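Each chain is listed here by its residues.
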Amino acid sequence: MLNDLKKLIAIPSVMGEAEEGAPFGKAPRAALDCFLEIAASYGLKTHNENGYCGWAELGDGKDMLGILGHLDVVPAGDGWSNEPYSMVCEDGLIKGRGVADDKGPTVAALHALKRLKESGKKLNNRIRLIVGCNEENGSECIEYYREHCEIPKASFVPDADFPIINSEKGILHLTLTFPRSQRLAENFVSIKAGMRHNIVPDLCTVVVPKESKLFDAISSLGSDSSLFLNPKVAKIIISGGMRTQDFSAHFFPDRIALEARGVAGHAMCPEKGENAAMKMLALLCGIMGEYAPEEFKAVTKYLCAPNPAPLLSIEAQDDVSGNLTVNTGIVTVADGKLTVALDLRLPVCANHETVKKKIRECFPSATLTENRWSPNLYIPENSKLVQALLSAYAETTGGEKKCLYCGGGTYARELPNAVAFGPTFPNLETNIHNVDESFPFELFNKLPDIYEAAILKLDEAYA
Ligand SMILES: [Zn+2]
């Protein structure tokens, strides 16, 4: 099993330029070929779906159950203590890019199929291990699969956590575009913060032109570092729960450049980051007072909080999926126009149309655009699928039968009646998407046991 994994890790299957038969580049295609070759050598049926994805299949039942993994990886980045594409096993850890996300668990699932094949056990369903080549860059692989291939009756996806994630929040991306305002145009050359809806911006930069009221107001408070020592400015910052050292100012003959620094974070838990854009707008509103643009007043009123859901009157929470979160991912001002991009994560109990309506009411002057709506994934705990997987997990590991929910979107969203099932055990850090990705050797060896048991339970449940 480790040999198979080593072969796959050696292929740096990061997304590249599309080619004939390789829609996500040469390397993901090479990883797919390598995987299918290994699967075929174990006597499993294999199929390559035009380089988008492929599968290894066992059995000849009428109906089919799925396992979904992926062979593409995110770039290794610098700073590894080992060579990321040359897998090693040391200090009880298997190390290399993809050992946890997601080549390792995919190979473990393949070996579960291999064992079942060797046992000669007759299954009710065909078991298809589908492998995608584009999970890390939009899951186009599985979109292609859904359009062209047979959909499994139920699936599990070894690309997140044990015991099981049966509930994922709905993901809503919105953009508020405010009409051009003279006051913004006169006082700001530009404001820039953030590049994506789903990341807390850690930097906000503002350029204020010389011939403006704001330029005069700032200049009268101090020049350069003394600006933030001015009692008026310090009071605004500190009463807003911010630190003066998070701001800096540079004075030029024709402009002032301001910077606010925060802490980046993922939109599924925005309260763990510090939003630099919100800090900056709070500061600007404080300095400008009555003269602050109406758009800024609205944005600070409704969005300036670690979780602004209550401010927007869209607070929601339930036991199966947690609370509604809001992240302000992008704030820009250009040519007098303010644009604000939001990432909202909705629990099952929240309705996305109602949420949009409330946001529209808070910002009546803005145009609201929906950039993405990915509905909740929710498979009840008492369903056949969840029960079969939980008992496989409990029986093979002695672990607790417990459902988890998450604010992120896992690969399980891509298929109907699918849930994420491993490979990460509770309290295990595997450094996925980071340097020194690893997976404990001993736990890795347990994965085929768990996945084999899961296949057998599911096959029974869906007989
Ligand atoms: Zn993954």
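Residues numbered from 1 in each chain as written. Predicted model: local features only at pLDDT ≥ 70, side-chain atom pairs only at ≥ 80, totals over all residues. Heavy atoms only, no water.

Peer 1: Would you mind showing me how to read unusual backbone geometry here?
Peer 2: Peptide bonds are, in most cases, trans, and in most cases residues other than glycine have a negative phi. Across the junction of aspartate 101 and aspartate 102, the peptide omega takes the value 5°, indicating a cis bond. Relative to the elements of secondary structure, aspartate 102 occurs in the loop between β5 (93–95) and α3 (103–119). Residue proline 163 is bonded to the preceding phenylalanine 162 through a cis peptide linkage, with omega at 0°. Relative to the helices and strands, proline 163 is located in the loop between β8 (160–161) and β9 (164–168). Its identity as a non-glycine residue notwithstanding, serine 313 has a phi of 60°, on the positive side. Position of serine 313 among the secondary structure elements: in the loop between α9 (294–303) and β17 (317–318). Here serine 313 falls in the partly exposed class, since its relative accessible area comes to 47%. One non-glycine residue, asparagine 427, lies in the positive phi region at around 65°. (Helix = DSSP H or I, 4+ residues; strand = E, 2+ residues; numbered from the N terminus. Buried < 20%, exposed > 50% of the residue type's maximum accessible area, 1.4 Å probe, protein only.)

Peer 1: Would you mind going over the sheet that holds strand β10 (residues 170–177) with me for this structure?
Peer 2: Strand pairing in a sheet relies on backbone hydrogen bonds, with the paired strands running either antiparallel or parallel. Spatially, 8 strands are ordered β14-β15-β13-β11-β19-β20-β10-β21 in an open sheet, and the strand pairing comes out antiparallel. At either end of the open sheet lies a strand with only one pairing partner, and these are β14 (247–251) and β21 (367–374). Between one strand and the next, the sheet's axes are offset by a mean angle of 15°, whatever the strand orientation. Of the strand pairs in this sheet, strand β13 (residues 203–209) and strand β15 (residues 255–261) are connected by 7 bridges, and their pairing is antiparallel. Residue cysteine 204 lies in a different strand from β15, and its bridge partner there is alanine 260. This element, helix α8 (residues 276–288), spans β11 (190–193), β13, β14, β15 and β19 (325–334) of the sheet and lies at about 130° to β15. Lying over the sheet, α9 contacts β11, β19 and β20 (337–346), oriented at roughly 15° with respect to β20. (Pairing = 2+ DSSP bridges. Axes fitted to C-alpha atoms, helices over the stretch in contact; angles between N-to-C directions. Contact = heavy atoms within 4.5 Å.)

Peer 1: Which parts of the structure should I look at to understand the packing of aromatic side chains?
Peer 2: Given two aromatic rings, their pairing is described by the distance between the two centres and the angle made by the two planes. Counted according to the given criterion, the structure contains 15 aromatic pairs. Taken together, a centroid distance of 6.1 Å and an interplanar angle of 35° make the contact between phenylalanine 162 and tyrosine 451 tilted. Note that phenylalanine 162 is positioned in the loop between β8 and β9 and tyrosine 451 in helix α12 (residues 441–461), a separation of 289 residues in sequence. There is no split in this pair, since phenylalanine 162 and tyrosine 451 are both buried. Aromatic rings pair up to connect Phe156, Phe162, Tyr393, Phe421, Phe425 and Tyr451 into one cluster. The side chain of lysine 114 reaches across the aromatic face of tyrosine 42, ending 5.0 Å from its centre. Residue placement shows arginine 128 over the ring face of tryptophan 55; its charged tip is 3.6 Å from the ring centre. (Phe/Tyr/Trp six-rings, centres within 6.5 Å; stacked < 30°, edge-to-face > 60°. Lys NZ or Arg CZ within 6 Å of the ring centre and 35° of its normal.)

Structural measurements only, silent on function.
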